[in-house]
Amino acid sequence: MSERTAVGVIRRRTPGARALRVLLYAVLFAAALAYLLPLVVMVMTSIKPLSEITPGNLLALPEAPTLAPWIKAWGEACTGMRCEGVGGYFWNSIAIVVPAVAISTMVGALNGYALTKWQFKGSELIFALMLFGCFIPFQVVLLPMAQTLGWLGLASSRSGLVLVHVVFGIAFTTLFFRNFYVAIPDELVSAAKLDGAGFLRIFWRILLPVSAPIIVVSVIWQFTQIWNDFLFGVAYSGHDTQPVTVALNNLVNTSTGAKEYNVDMASAMIAALPTLVVYVLAGKYFVRGLTAGAVKG
């Protein structure tokens, strides 16, 4: 062990260093508890009968846990004039999110590839214009996009919502993939060109196999943005094509007698579960993808 390493070990083992580390972990633990407290309250409220909620014991543990609020939220709760729960709207969101994420990610990958490895005159200007699309407020395009969907015959349809999310997601996915592909040596593409490989073959055989980190970033980003969207969902969906976020808003604002806070919380948890699962399972890959190049360039 070198002298410098030995000194470092001694310093880390001093009482002051240990106390500082304990204090740091205590602060982090307290911050985590404060951050998770709303989620804990939601979960506990969602499994309490209404009789345990009305006295106002918000932080009390459930005395008689029940899944009845979840069952009602899924298939019986009233969202406006319909009392069919949020289950159907949940599947609407799935039907919108899956194709929108897949298409925007693939188009963004192709755009990033073309803008870095097949540069042409004006490619930097095109990238700058696409980057500008990341900063356009959604409210600005509500009316033009509604008119466009009407021209295409996609108004109030799931396909129309997919198109809207793909259009707005391409700017972000292009940025992600472009900055990732900048770090890949141009010599790989040049060698493939000399071997006779074309545009799509190079992309499929060389670029795509090394793109797993940035694909995860793009998928998580797009999934979260689309699943949590309310503005486009309420503006462009029809009665039978509304996403779960719109249904959740309608459920919370529907009054049919006593306010069922347990059902509201269960509905909110149902709406939040997919994004929670995605981040729990793939959150570490999201960070790795960002550090691998998504914010470089």
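Residues numbered from 1 in each chain as written. Predicted model: local features only at pLDDT ≥ 70, side-chain atom pairs only at ≥ 80, totals over all residues. Heavy atoms only, no water.

## Considering helix α8 (residues 158-181)
With 24 residues, α8 extends 32 Å from end C-alpha to end C-alpha; this agrees with the ideal 34 Å at 1.5 Å per step. Across the 24 residues of α8, 20 count as buried, placing the element largely inside the fold. (Helix = DSSP H or I, 4+ residues; strand = E, 2+ residues; numbered from the N terminus. Expected span 1.5 Å × (residues − 1). Buried < 20%, exposed > 50% of the residue type's maximum accessible area, 1.4 Å probe, protein only.)

## Some points on the nonpolar core
Within the largest apolar cluster, 32 residues are counted, with the highest numbers of intra-cluster contacts made by Val164 and Tyr236. Of all the secondary-structure elements, those providing two or more residues to this core are α5 (87-117), α7 (142-152), α8, α11 (212-227), α12 (231-236), α13 (244-252) and α14 (261-294). Those residues in contact with Tyr236 that lie beyond four places of it in its chain are Val141, Leu142, Met145, Ala146, Leu149, Ala155, Ser156, Ser157, Leu161 and Val164. (Core = buried A, V, L, I, M, F, W, Y, C linked by side-chain atoms within 4.5 Å. Contact = heavy atoms within 4.5 Å.)

## Focus: the packing of aromatic side chains
Across all of its chains, the model carries 17 aromatic pairs by this definition. Summarising the aromatic geometry, the rings of Tyr113 and Phe199 are spaced 4.7 Å apart at their centres and angled 40 degrees between planes, so their arrangement reads as tilted. Of this pair, Tyr113 sits in helix α5 while Phe199 sits in helix α10 (residues 199-207), and the two are 86 residues apart along the sequence. Look at Tyr113 and you get buried, because its relative accessible area is 0%. Site record: aromatic cluster; members linked through ring pairs are Trp74, Phe90, Trp91, Phe223 and Trp227. Across from the ring centre of Trp118, 4.1 Å away, lies the NZ or CZ of Lys193, which sits over that ring. (Phe/Tyr/Trp six-rings, centres within 6.5 Å; stacked < 30°, edge-to-face > 60°. Lys NZ or Arg CZ within 6 Å of the ring centre and 35° of its normal.)

## As for the pattern of salt bridges
Counted by the stated rule, this structure contains six salt bridges. Arg82 serves as the salt-bridge partner of Glu84, at 2.8 Å between the closest nitrogen and oxygen. Here Glu84 falls in the partly exposed class, since its relative accessible area comes to 46%. The exposure class assigned to Arg82 is partly exposed, which follows from its relative accessible area of 21%. Taking the shortest distance from any N to any O, the salt bridge between Asp186 and Lys117 comes out at 2.7 Å. (Salt bridge = Lys/Arg side-chain N within 4 Å of Asp/Glu carboxyl O.)

## Considering the environment of Cys83
Along the chain, Cys83 falls in the loop between α4 (68-75) and α5. As a C-alpha pair, Cys83 and Lys72 span 11 residues in sequence and 9.5 Å in three-dimensional space.

## Considering the packing of α5 against α11
Packing of α5 against α11 leaves a shortest axis separation of 9 Å and a crossing angle of 145 degrees. In this structure, α5 meets α11 at a crossing whose hand is right-handed. From α5, Phe90, Ser93, Ile94, Ile96, Val97, Ala100, Val101, Ser104 and Thr105 reach across to α11, where they touch Ile215, Ser218, Val219, Gln222, Phe223, Ile226 and Trp227. Grouping the constituent residues of the contact of α5 with α11 by class yields 11 nonpolar, five polar and no charged. (Axes fitted to C-alpha atoms, helices over the stretch in contact; angles between N-to-C directions. Left-handed = near helix turned anticlockwise from the far one by under 90°. Nonpolar A, V, L, I, M, F, W, Y, C, P; charged D, E, K, R; others polar.)

## Notes on empty space enclosed by the protein
In this structure the tally under the stated criterion is one cavity of 30 Å³ or more. In this structure, the largest cavity encloses a volume near 60 Å³. As for the largest cavity, its lining consists of Ser93, Ile96, Val97, Leu161, His165, Ile226, Trp227, Asp229, Gly233 and Pro243. With three residues, the single largest contributor to the lining of the largest cavity is α5. Classifying every residue of the lining of the largest cavity by side-chain character gives six nonpolar, three polar and one charged. (1 Å grid on protein atoms, 1.4 Å probe; cavity = no way out; pocket = protein on both sides within 12 Å on 5 of 7 lines; lining within 4 Å. Points joined across faces, edges and corners; volume = space filled by probe spheres on them.)

## A few points about a nonpolar patch on the surface
Together, Tyr35, Leu36, Leu37, Leu39, Val40, Val43, Leu58, Leu59, Leu273 and Leu276 make up an exposed nonpolar region whose accessible area comes to about 890 Å². Of all elements in the fold, only α2 (15-46) and α14 reach the threshold of two or more residues within the nonpolar patch. It is α2 that provides the largest number of residues to the nonpolar patch, a total of six residues. Assignment of secondary structure puts Tyr35 in helix α2. (Patch = residues over 30% accessible without salt bridge, like charges linked within 9 Å, V, L, I, M, F, W, Y side chains within 5 Å. Areas by Shrake-Rupley, 256 points an atom, 1.4 Å probe, with all protein chains shown as cover.)

## Considering the confidence of the model for the protein chain
Parts of the model with low pLDDT should not have their predicted coordinates read in detail. Summary statistics for the protein chain give a mean pLDDT of 85 and a share of 91% for residues scoring 70 or more. Taking the mean pLDDT of every element in the protein chain, the minimum, 50, falls on helix α1 (residues 3-12) and the maximum, 93, on α5. (pLDDT = per-residue confidence, 0-100.)

## Things to note about unusual backbone geometry
Notably, Ser156 is not glycine yet its phi reads approximately 60 degrees, a positive angle. Following the sequence through the fold, Ser156 ends up in the loop between α7 and α8. Its relative accessible area of 42% is what places Ser156 among the partly exposed residues.

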